[in-house]
Amino acid sequence: MSRPSTIRRGGRGARSGFLRRVGVLVGSVLLTAACSASAPHSALSAPVGPDTTTPSTRLVDVGHGRKMSLECRGSGSPTVVLVPGLVAAADTWSQVTDSAGTTRPSGSAVYPGVGKFTRVCSYDRPGTAREGGKPTASTAVAQPTTPRGDVADLHTLLKAAKVPGPYVLVGWSAGGPLVRVFAGEYPREVSGLVLVDGESEFLQSRLTPAEFDVFLALIRNDDKKRVAQWKDVERQDPATVFRQVRAAPRAPKVPVVVLSGDRFDADAFRARLPDRAPADYPQVFWRAQLASQRDLARQYAGALHITRTRSDHNIHNNQPQLVTDEIRDVVEKARHHKSAEPSSS
């Protein structure tokens, strides 16, 4: 398998918003933005109450007495589907983080940016929360969930909502494994992948068993804090996620871009570790994280791996133009490939 091409690219640096959301980082190692229960912009720090949908959002019946929240804008093909990270809802793609570390809605965010050149959709998985702490209106389900279950939900949602394929799937954080499993399960419906600091199963192999156990303990601690705020909050077991990604069918040969965070707050990460963690664990973890991103990019022949993002884990908020530009490139490649296909007539 050929190695991916690698470039170093990045725009104006943005300060790390590392206490911005509970759960955005939980399933993803990339805990560059160490979250805590006292985080001032925690996704669950506000009083829990039902979400009210925005004018562009609708609740779609996905069967079995369940509904899921979906929002779309723009026109054109292929359709870009933005898949949020753990606990994060669709509106994370409409937010930017400014130089002062403040996260706010913006017309320069990824979701409105992509909507200028093609159809784009995002959605709220069960147990996720909107900015400001409002839980999604999507029907709650038993937790923890799994990639295979989440992919089945997403596929059902897109079909029920009559969102046309093919799809360019964009997965951030814990959304990374979901888009990869989706591409393997439904290869004829996928025309490109963009992984935005996507969770990588290679983290487990880059850590020793003892080091991985420390990571799992960190995740369990995070889960306890979130469940104390909201019993239906989205949760995943990293070992199960990694096992299902490894077992999934291989993705089709489509354009792939991997964007990896290159900034890490070791002190914030250390504050979340269990007491038994070695003193140098943040450094050990970060080396494994960077290596796991390289391993991830190598899974896709010809993949473009962008390693200079000037961002922590939240690349889509800190560097929205970079993410939007890479999505545009994949969309254009997918269109060119489609136009080059021989006519069936």
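Coordinates for the structure precede this section.
This is a predicted model, so every value here is computed, not measured.

Attention shifts here to the overall build of the protein. A tally of regular secondary structure across the protein gives ten helices and eleven strands. For the protein, buried positions account for 59% of its 345 residues. For the protein, the exposed surface amounts to about 13900 Å²; the carbon and sulfur share of it is 52%.

Moving on, we get to the packing of helix α5 (residues 209-229) against helix α8 (residues 281-297). When two helices pack together, their arrangement is given by the angle between the helix axes and by the axis-to-axis distance. Axis separation between α5 and α8 bottoms out at 11 Å; the angle between their running directions is 100 degrees. Between α5 and α8, the angle falls in the class roughly perpendicular. Touching E211, V214 and F215 of α5 are Y281, V284 and F285, all from α8. Its residues assigned to classes, the contact of α5 with α8 shows five nonpolar, no polar and one charged.

Attention shifts here to the pattern of salt bridges. Taken as a whole, this structure holds 13 salt bridges when the rule is applied. Measuring nitrogen to oxygen at the nearest pair gives 2.7 Å for the salt bridge that ties R180 to E201. Here R180, found in helix α3 (residues 175-185), pairs with E201, found in the loop between β9 (190-196) and α4 (202-206); they are 21 residues apart in sequence, far enough to count as distant. A relative accessible area of 8% means that R180 is categorised as buried. The class of E201 is buried, set by a relative accessible area of 6%. D267 serves as the salt-bridge partner of R270, at 2.9 Å between the closest nitrogen and oxygen.

Calculation rules
- Residues numbered from 1 in each chain as written.
- Predicted model: local features only at pLDDT ≥ 70, side-chain atom pairs only at ≥ 80, totals over all residues.
- Heavy atoms only, no water.
- Helix = DSSP H or I, 4+ residues; strand = E, 2+ residues; numbered from the N terminus.
- Buried < 20%, exposed > 50% of the residue type's maximum accessible area, 1.4 Å probe, protein only.
- Areas by Shrake-Rupley, 256 points an atom, 1.4 Å probe, with all protein chains shown as cover.
- Axes fitted to C-alpha atoms, helices over the stretch in contact; angles between N-to-C directions.
- Parallel < 35°, antiparallel > 145°, perpendicular 65-115°, else oblique.
- Contact = heavy atoms within 4.5 Å.
- Nonpolar A, V, L, I, M, F, W, Y, C, P; charged D, E, K, R; others polar.
- Salt bridge = Lys/Arg side-chain N within 4 Å of Asp/Glu carboxyl O.

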